[in-house]
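Read off the chains here:
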Amino acid sequence: MQYVPLHLHTENSLLDGAIRLKELCEYAKENELPAIAITDHGVMYGNLEFYRTAKEYGVKPLLGCEFYVYDGDITERDSTKTRNYHLVLIAKDKAGYQNLVKLTSIAHVDGFYRRPRINHRLLEQYNEGLICLSACVQGEVARYILDGDVEKAEETAHYYKNLFKDDYYIEIQDHGLDVQKRSNPDLIRIAKKLNIPLVITNDSH
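Just so you know, these numbers come straight off a predicted model, no measurement behind them. (Residues numbered from 1 in each chain as written. Predicted model: local features only at pLDDT ≥ 70, side-chain atom pairs only at ≥ 80, totals over all residues. Heavy atoms only, no water.)

Side note on the pairing of strand β6 (residues 168-172)
And then number 1: Burial runs high along β6: four of the five residues are buried.
And then number 2: Alignment of β6 against strand β7 (residues 198-200), held across three bridges, turns out to be parallel. Paired with isoleucine 172 across the strands is isoleucine 200, a residue of β7.
And then number 3: Since β6 and β7 lie parallel, the crossover through helix α7 (residues 178-194) that links them has a hand, and here it is right-handed. (Buried < 20%, exposed > 50% of the residue type's maximum accessible area, 1.4 Å probe, protein only. Helix = DSSP H or I, 4+ residues; strand = E, 2+ residues; numbered from the N terminus. Pairing = 2+ DSSP bridges. Right-handed = clockwise from strand over helix to strand, strands pointing away.)

Written as structure tokens, this is what we have:
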């Protein structure tokens, strides 16, 4: 079985990612990876260069972004409400790519407060053509589990399943972190209960 990276931060994730696009595509070709996704934090600066470079190396480019989802009105500038949940979105077609561009644009123009932010209302409006992964331990479902509110975690997973249908996946990671060991069993249980497929990723930086 071939592995396809679906959670990856390049040098375009400012102060957070160090993966260079050409080296990434060289690695993918050398290791016979059929496809690879880039999901930089809140931005899509590298997508055009990545698309062109991946095509040169014969690797299928998957264009995505790891968004910051704010629980509220993204025009709020409330310093007491700073939690932003992570959410990975990957385009599966032209409509999906256009929605990624729309969401990142709105996040920066209207939603920027410490981070470029979107919310549920925007996801309900611009979800066509997108594959959704629940993200790392900073994702909504995992955060609710770690906060001790498993019922809210399940409710949130159900919300995303209804929104993205068969294109929603519960994401699990294991980097030996305590928070992952604590959240993964409930993530797996929720996925099985709600019939949501699981995807295993590495949080590559």
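The discussion continues.
A word on empty space enclosed by the protein
And then number 1: As enumerated under the stated definition, the model contains one cavity of 30 Å³ or more in all.
And then number 2: Taken as a whole, the largest cavity spans an internal volume of roughly 50 Å³.
And then number 3: Forming the boundary of the largest cavity are Ala135, Cys136, Val137, Ala142, Glu171, Ile172, Gln173, Gln180, Ser183, Asn184 and Leu187.
And then number 4: Elements represented by at least two residues in the lining of the largest cavity include exactly β6 and α7. (1 Å grid on protein atoms, 1.4 Å probe; cavity = no way out; pocket = protein on both sides within 12 Å on 5 of 7 lines; lining within 4 Å. Points joined across faces, edges and corners; volume = space filled by probe spheres on them.)

A look at the nonpolar core
And then number 1: Core analysis: the biggest nonpolar cluster contains 36 residues, and Leu89, Leu103, Leu123, Phe164 and Tyr168 have the highest contact counts within it.
And then number 2: Every residue in contact with leucine 89, bar those within four places of it in the chain, is listed here: Leu63, Gly64, Cys65, Phe67, Leu100, Leu103, Leu123, Leu130, Ile131, Cys132 and Phe164.
And then number 3: Counting residues in hydrophobic clusters, the runner-up holds 14 residues, among them Cys25, Ile36, Ile38 and Phe50. (Core = buried A, V, L, I, M, F, W, Y, C linked by side-chain atoms within 4.5 Å. Contact = heavy atoms within 4.5 Å.)

Here we look at helix α1 (residues 21-30)
And then number 1: Listed in full, the buried residues belonging to α1 are Leu21, Leu24, Cys25 and Ala28. Buried residues along α1 cover an arc of 95 degrees about the axis, so they all sit on one side. Among the exposed residues of α1, those oriented more than 90 degrees off its buried face are Lys22 and Glu30.
And then number 2: Against the buried residues of α1 lie β1 (35-38) and α2 (47-56). (Arc of directions from axis to C-beta.)

Here we look at the pairing of strand β2 (residues 60-70)
And then number 1: Extensive coverage of β2 is indicated by the burial of 10 of its 11 residues.
And then number 2: Across four bridges, the pairing between β1 and β2 is parallel. For alanine 35, the partnering residue across the bridge sits in β2 and is lysine 60.
And then number 3: The sheet contact formed by β2 and strand β3 (residues 84-91) spans seven bridges and is antiparallel.

Focus: the side chain of asparagine 84
And then number 1: Inspection of the secondary structure assignment puts asparagine 84 in strand β3.
And then number 2: Classification of asparagine 84 by relative accessible area gives buried; the value is 14%.
And then number 3: When residues no more than four places from it in sequence are discounted, the contact partners of asparagine 84 are Tyr68, Val69, Tyr70, Arg115, Arg117 and Gln138.

Things to note about the packing of aromatic side chains
And then number 1: Inspection of every chain in the model, using the stated rule, returns four aromatic pairs.
And then number 2: With a centroid separation of 5.2 Å and an interplanar angle of 75 degrees, the aromatic rings of tyrosine 159 and tyrosine 160 are classed as edge-to-face.
And then number 3: Residue classification places tyrosine 160 among the buried residues on the basis of a relative accessible area of 1%.
And then number 4: A ring pair is formed by tyrosine 160 and phenylalanine 164, whose centres lie 6.4 Å apart and whose planes are at 20 degrees; its orientation type is stacked. With tyrosine 160 and phenylalanine 164 both in helix α6 (residues 150-164), this residue pair falls four residues apart, about one helical turn. Of the two residues examined, tyrosine 160 and phenylalanine 164, each falls in the buried class. (Phe/Tyr/Trp six-rings, centres within 6.5 Å; stacked < 30°, edge-to-face > 60°.)

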